[in-house]
Amino acid sequence: MPHVHELPDTLNRIHIMGIAGTAMGALAGMLVDAGYTVTGSDKAVYPPMSDYLDQLGIEVMEGFVAANLDRAKPDLVVVGNVIRAVYEEAQALVAGDLPYCSFPELLGMLFLRDAHSVVIAGTHGKTTTTSITAWLLEAAGKQPGFLIGGVAKNFDRTARAGGGDVFVIEGDEYDTAFFDKGPKFLHYRARTCILTSIEFDHADIYRDLDHVKESFSALMGTLPADGVLIARGDDPTVMEVAAQAPCAVQTYGPGQQWDGRVEGIDTTTGTMRFSVLRDGRPIGTYDTSLVGTHNLYNQVAAAAAALTAGATAEQLASGFPTFQGIKRRQEVLGEPGGVTVIDDFAHHPTAVKLTIEALRQRYGDRRLWVIWEPRSATSRRNTFQDDYAQAFDGANLVVVAQPYDQSGIPEDERLDAQRLLMDMQVRGLDAICLPDSLTIARTVAARCNPYDVVAVFSNGGFDGLHGKLMTRLEQRFA
């Protein structure tokens, strides 16, 4: 049976190829909630997603082999965008008679068709802003459905179907599937849309910034005339794309229709007090565990979207203070020997810079280590070679890991870690490059002092560095 655009008449068992991706794992949880039997396939699954899928009782088959389809006996197969057409399981699917579709298509058919879809899109801040928006609406009693590219601690999961008529979703610009190369967010039926930022990223699928802008322009074309676009007004690229929206456009950011003001940061408790302003007038002052200027505006955008979707300014007062954050976003893993160890997803140079600035605001003058693994498709390339040299300026000490598997990247396009190291040292940074996670854990643990802050930046598992580092710190300071 071919790629389908409607659900099969009989739908009880659903098999997800590439289930361990954050979005795919989130979808799996929603399907379990909705009463479906779910199986999946993937390779090298690591926490927190492996723990999450295990909690859901989902069988995850190792590797992408044809036998998975016989073992799963599904009524429908959902294909993740990590699946390549050359994979054995994909070839068996296309050659067989099982109906299949992409993850965004299934999401649209099952959960978004009749919902007020709130889509958060942009190069940076999507996961945090989506999580906050969903929690604000939850605190307002709206029982939203949501799908987040990370685990929001308030929900302790990445997605749910919800009990109301609002659905909040992280709008990913990455491609949909091997049989649909358009971005995922084109399938999300947005009625309210936040556009946080537009920069060049995902160098494995986008040629340049203009190519990225084409995808976001296409997203604008999906918005209905009675919808709302909440756009970062001080970003010229965002506003260039926003001009193509056929609906009302509200801007946020410094000096915009929606603005924010930091009233104070408590470095002891790690909290920030801030005000949300509309047309220059405060609509409320709130406390939050998210610190930093970029998080100020993530929360301003979330407030604007929540109000558009039916929340009140008074209800925001119960949402912001109770928001607990997101795993792998400035997440404190522990404090062995007084050393604060933090896990963060930052990998694009802008995200690295903003996260370091936020950590500096949060922890004041404490000595700040940053350990970075170039792992994403873009960070392993030399696209931002010079930008990375400046992105770490706010840290005291920087450890750069050897880039993750550059074998598929032409030599003249690879990030040069040694050159990066020298460029950072010229800028006055205490920077070193180390070959593997065990060496990094041993070196950092030996050099750390009590009261240091160690932030680990990676969009992958970093070969278990977090656990290795925590263990060695505990042993040293026992």
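Residues numbered from 1 in each chain as written. Predicted model: local features only at pLDDT ≥ 70, side-chain atom pairs only at ≥ 80, totals over all residues. Heavy atoms only, no water.

### Side note on helix H1 (residues 22–33)
Between its first and last C-alpha, H1 extends 17 Å over 12 residues, near the 16 Å set by a 1.5 Å rise per residue. Of all 12 residues making up H1, 9 are buried, and the element is well covered by its neighbours. Of the positions making up H1, those classed as buried are Ala-23, Met-24, Gly-25, Ala-26, Leu-27, Ala-28, Gly-29, Met-30 and Leu-31. Count one or two residues on from H1 and you reach Gly-35, which has phi positive near 100°. (Helix = DSSP H or I, 4+ residues; strand = E, 2+ residues; numbered from the N terminus. Expected span 1.5 Å × (residues − 1). Buried < 20%, exposed > 50% of the residue type's maximum accessible area, 1.4 Å probe, protein only.)

### A few points about the sheet that holds strand E5 (residues 100–102)
Ordered by their spatial adjacency, 5 strands build an open sheet running E3-E2-E1-E4-E5, and the pairing between neighbours is parallel. In the strand order of this sheet, the two ends are held by strand E3 (59–62) and E5, each with one partner. Sheet twist, expressed as the average angle between the axes of neighbouring strands with direction ignored, equals 25°. Running over the sheet, helix H4 (residues 88–95) touches strand E1 (13–17), strand E2 (37–42), strand E4 (76–79) and E5 and is turned about 135° from E1. Helix H5 (residues 103–112) rests against E4 and E5 of the sheet, and its axis sits at about 95° to E5. (Pairing = 2+ DSSP bridges. Axes fitted to C-alpha atoms, helices over the stretch in contact; angles between N-to-C directions. Contact = heavy atoms within 4.5 Å.)

### Digging into the packing of aromatic side chains
What the rule picks out here adds up to 13 aromatic pairs. With centroids separated by 5.1 Å and ring planes inclined at 85°, the aromatic side chains of Phe-178 and Phe-179 adopt a geometry described as edge-to-face. Centroid distance Phe-274 to Phe-320: 5.1 Å. Interplanar angle 85°. Geometry classified as edge-to-face. In this pair, Phe-274 is assigned in strand E16 (residues 271–278) and Phe-320 in the loop between helix H10 (313–319) and strand E18 (331–334), connecting sequence segments 46 residues apart. For Phe-320, a relative accessible area of 1% gives the class buried. Chaining the aromatic ring pairs together yields one cluster made of Tyr-100, Phe-178 and Phe-179. It is Arg-232 that lies over the ring of Tyr-297; its NZ or CZ is 4.7 Å from the centre. Its end group placed over the ring of Tyr-363, Arg-362 keeps NZ or CZ at 4.1 Å from the ring centre. (Phe/Tyr/Trp six-rings, centres within 6.5 Å; stacked < 30°, edge-to-face > 60°. Lys NZ or Arg CZ within 6 Å of the ring centre and 35° of its normal.)

### Details of the pattern of salt bridges
Pairs can form between side chains of opposite charge once their charged atoms are near each other. Taken as a whole and assessed by the stated rule, the structure comprises 21 salt bridges. Between Asp-343 and Arg-328 there is a salt bridge, and its shortest N-O distance comes to 2.9 Å. With Asp-343 in strand E19 (residues 340–344) and Arg-328 in the loop between H10 and E18, the pair connects residues that are 15 residues apart, well separated along the chain. The burial state of Asp-343 is the same as that of Arg-328; both residues are buried. (Salt bridge = Lys/Arg side-chain N within 4 Å of Asp/Glu carboxyl O.)

### Some words on unusual backbone geometry
Even without being a glycine, Gln-330 presents a positive backbone phi close to 50°. Tracing the sequence through the fold places Gln-330 in the loop between H10 and E18.

### Quick notes on the sheet that holds E18
Reading across the sheet, the 6 strands line up as E18-E19-E23-E20-E21-E22 and stay open at both edges, with mixed pairing between neighbours. The sheet is open, and its two borders are formed by E18 and strand E22 (430–434), each paired with just one other strand. If you compare each strand with its neighbour and ignore which way they point, the axes differ by 20° on average. For E19 and strand E23 (residues 453–457), the ladder comprises 5 bridges, and the chain directions are parallel. Pairing of Asp-344 across the sheet is with Phe-457, part of E23. The strands that helix H13 (residues 417–426) touches are strand E20 (368–372), strand E21 (397–401) and E22; relative to E22, the one it contacts most, it runs at about 165°.

### Side note on helix H15 (residues 465–476)
Taking 1.5 Å as the rise per residue, H15 with 12 residues should run 16 Å; its terminal C-alpha atoms sit 16 Å apart, in good agreement. Here H15 has its buried residues at Leu-465, His-466, Leu-469, Met-470 and Leu-473. Around the axis of H15, the buried residues are gathered within 125° of arc, so they sit on the same side. Packed against the buried residues of H15 are E18, E19, E20, helix H14 (437–447) and E23. (Arc of directions from axis to C-beta.)

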